[in-house]
Number of protein chains: 2
Amino acid sequence: MPVYTVSNVQNLRICVVMVGLPARGKSFISQKIVRYLSWLSIKSKCFNVGNYRRQGAPRPSAEFFDASNEEAYKIREHAVTQAVIDMMNWFADEQGVVAILDATNSTRQRRNWVLKLCRENSIEPMFLESWCDDNDLILRNIADVKTSSPDYKGVDPDVATADFLERIANYEQVYQALDEAQDRDLTFVRLINIAQQVIINKVETYLESRIVFYVMNLHIKPRYIWLSRHGESIYNLEKKIGGDSSLSPRGLQYAKKLPELVRESAGNRDLTVWTSTLIRTQETAQDLPYKQLQWKALDELDAGVCDGMTYEEIEETFPEDFKARDEDKYEYRYRGGESYRDVVIRLEPIIMELERQENILIITHQAVLRCIYAYFMNVPQEESPWMSIPLHTLIRLEPRAYATHVTKIKADIPAVSTYKGKGTSQVGESDSNQRKSAHALIDSDSKK
Amino acid sequence: MPVYTVSNVQNLRICVVMVGLPARGKSFISQKIVRYLSWLSIKSKCFNVGNYRRQGAPRPSAEFFDASNEEAYKIREHAVTQAVIDMMNWFADEQGVVAILDATNSTRQRRNWVLKLCRENSIEPMFLESWCDDNDLILRNIADVKTSSPDYKGVDPDVATADFLERIANYEQVYQALDEAQDRDLTFVRLINIAQQVIINKVETYLESRIVFYVMNLHIKPRYIWLSRHGESIYNLEKKIGGDSSLSPRGLQYAKKLPELVRESAGNRDLTVWTSTLIRTQETAQDLPYKQLQWKALDELDAGVCDGMTYEEIEETFPEDFKARDEDKYEYRYRGGESYRDVVIRLEPIIMELERQENILIITHQAVLRCIYAYFMNVPQEESPWMSIPLHTLIRLEPRAYATHVTKIKADIPAVSTYKGKGTSQVGESDSNQRKSAHALIDSDSKK
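Residues numbered from 1 in each chain as written. Chains lettered and ligands numbered in written order. Predicted model: local features only at pLDDT ≥ 70, side-chain atom pairs only at ≥ 80, totals over all residues. Heavy atoms only, no water.

1. Observations concerning the packing of helix H3 (residues 70-94) of chain B against helix H4 (residues 108-120) of chain B
Angle between the axes and distance between the axes: these two values describe a pair of packed helices. Residue and element names in this part refer to chain B. At a minimum axis distance of 12 Å, the contact between H3 and H4 shows a crossing angle of 25°. With respect to each other, H3 and H4 are oriented roughly parallel. When you trace H3 past H4, the crossing you get is right-handed. Facing H3, whose interface residues are Tyr73, Glu77, Val80, Thr81, Val84 and Met88, H4 presents Arg110, Trp113, Leu117 and Cys118. Of the residues that constitute the contact of H3 with H4, the class distribution is seven nonpolar, one polar and two charged. (Axes fitted to C-alpha atoms, helices over the stretch in contact; angles between N-to-C directions. Helix = DSSP H or I, 4+ residues; strand = E, 2+ residues; numbered from the N terminus. Parallel < 35°, antiparallel > 145°, perpendicular 65-115°, else oblique. Left-handed = near helix turned anticlockwise from the far one by under 90°. Contact = heavy atoms within 4.5 Å. Nonpolar A, V, L, I, M, F, W, Y, C, P; charged D, E, K, R; others polar.)

2. Overview of the environment of B:Leu37
In this fold, B:Leu37 is placed in helix H1 (residues 26-39). Excluding residues within four positions of it along the chain, B:Leu37 makes contact with B:Ile42, B:Ser44, B:Val98, B:Leu207 and B:Ile211.

3. Details of the sheet that holds strand E6 (residues 188-192) of chain B
In space, the 12 strands of this open sheet follow the order E3(A)-E4(A)-E2(A)-E5(A)-E6(A)-E7(A)-E7(B)-E6(B)-E5(B)-E2(B)-E4(B)-E3(B), with mixed pairing throughout. Both edges of this open sheet fall to strand E3 (44-48) of chain A together with strand E3 (44-48) of chain B, since each of them pairs with a single strand only. In this sheet, neighbouring strand axes are inclined to one another by 15° on average, regardless of whether the strands run parallel or antiparallel. With five bridges connecting them, strand E5 (residues 124-131) of chain B and E6(B) associate as parallel partners. Within E6(B), the position partnered with B:Glu129 by the bridge is B:Arg190. This element, helix H2 (residues 49-56) of chain A, spans E3 and strand E4 (98-102) of chain A of the sheet and lies at about 40° to E3(A). Seen against the sheet, helix H3 (residues 70-94) of chain A touches strand E2 (14-19), E3 and E4 of chain A and runs at an angle of roughly 175° to E4(A). (Pairing = 2+ DSSP bridges.)

4. So, the relation of the copies chain B and chain A
One copy of the chain maps onto the second through a rotation around an axis plus a translation along that axis. Overlaying chain B with chain A gives an RMSD of 0.0 Å, the required rotation being 180° about an axis along which the chain moves by 0.0 Å. The transformation just described matches what one would write down for a two-fold rotation axis. Across chain B, the smallest distance between a C-alpha and the rotation axis is recorded for B:Ile199, namely 2.1 Å. Mapped onto chain A, 100% of the interface residues of chain B are again interface residues, and the two copies thus contact each other with one and the same surface. (Least-squares fit on C-alpha atoms with pLDDT ≥ 70 in both.)

Take a look at the structure:
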């Protein structure tokens, strides 16, 4: 029997039907929702109609989007039909839970068509409109689109902008916004100028309400998130896991150096430091001249009965558990302790709060940092527990519209490696599985 | 340094300014918010202007609320002024965090006055309007008011209803709803017909967004929540805490009897069973013919290094901890384990989900059940960890507009008492502190 947490308690299948003119951040929102739900182990997928349309019309000009262009209309009809067919197959064949239909869905007629198909297939439709009349926001989005959309690859930026504005104008002629009175029987959310105003209608299921709450918390102000493990601890030196030990002399050196590293990376930006409740993260933060908050949710994965043991001792004392953990590290729950999945669930409010906040520096622990990093970098569950995140390294994340940029800053203070590869009880060794991971590179130069 | 969780991360002070005609559930919402935040240790208080007004006009008739009645208007002005003065003093003197100003606040002029006062005192105002045009809902609320409001104590129900409708009509003449365009610079939430539609404007802080999410999840459909501890376990017999043991023979008897107890209490209602991930709750639920879900968040308070010990062993091994726990049981965190506060934080999503759901039976553990019960019954933190909740007893909660009704159903299957009073390591003994608690009565007849 599965263990329920922030999850699909009601066994529903949901189609989030995006609604909005071009350059309203629909794809940004769609991708964020998929990333968030996937991280929570809720099977979700985005069906981007633009990608289907590009198969028939790779790089159309604005007139293609004129509602009176009949030939183009057929290609666009075909694209949306294909996307919806694939979506329905995905629900049926792959037990999908949340699909996002990422398209303008700009007319009531189109939306009614999607609605009918959803209802016929026992899928709950939730319309999510991004509506925007803030010109600065729109222009910023257009700048993003013209540099990132395959439609404008290699096109002169000014030409692309002019064409794109014309495309938007073509959509505007037929666009019908969701209407509080006329659409009162639908489940819908209207985001007005990002989340300056939000209108929520008939959102009745748990999972839908989670999605809505998440979307409400998104912002697009530029900011950084820094991640660091605590400095090397006494337990690290002794190869023990868990516990609540102090920093080693080298760990204290890292704590001393950290303010300088942060200042170099952050400049004059103000930021807030989040630590766990454990001594080693607080000692690491002790010289940082910023506001500090402690979060219990940032405490290290609880190793239960294995807390305070070395991997060798665990292998000796609980050989079957040791093997079981290697075989499915994400799901394995230490006796009396936690699994990676458990950690993800308790980190959910942290992620929500991170989405709301601006500059944050998080000083935490190996497993917790893996989970947070996995969220921002979309690392799959099979890989995230095996990522190597070295000590004495400051990681800077810069969330952007379609990806998160990573910078790694090494403190040049030696530390033991606490990385344990699959199938060994030795720390500090990498193994071939780990090397294969695309995400292993964040410490490729720190291995011994 | 405090440990942050679902909390007031930004150190704000918030005034939730209720807006709405009479009989729109404003007091219901206000009380729910205060109960929820208090349970999360966020200091909050409701200032009900009606209570202040009753000091000058204990039982006025409808004409008192006619906007042209100048003398009455003065009394009403005085009441709201007094309420606001008290509220400001509470913020200043008692470090209040969230105040609810529970009044109609029906005109823009009145709201601007509150807004100005808040801003002058560095308090963030959030307007929360309950707007309703669903006559059934209004009539149900009127029925509640005329039976519960001190204004109509002892008045014939029909007379009370007629007078109350007239009072509403008087308010309607001057009522100005919050307006998406005109009030766009305010932080506000409009709840339309409970939460059928919700409009959220400029909600920017974490704590405000938590309040909004909570309010969105409230419903008023009648339903029951049943709570039960697992049946007596092997560890219970051995006086050990924690662990993951199976049920004792008497515990299994309770599991066998439970379907009958539930059926007698629930009738033909459908319900869902929630258990923890521990064996003893699942064994207790094994004969229940309903859908079952397991929640990690319902696992027992983690006793860390003391897991599997008896209280006597704990007292012997960690005498200082044993004493510290008795002195502040809510805050005491077992070494490597949890405090009651930690349990409340991880139960927060459970409470949120309980607010959304209809009939639910929760089979869980002593400390967890205390926390859930404390939420519904508004038990203060000093008392909740000392409540005695006996084994082999089904508790039925019936949430109503202004209180939760409790029914206790004993299974008549003997079990050990696991209750440990303050200052003793013996279980099964009550002490004088505990007897004093108003909430101890839920098992007053089960003590040995």
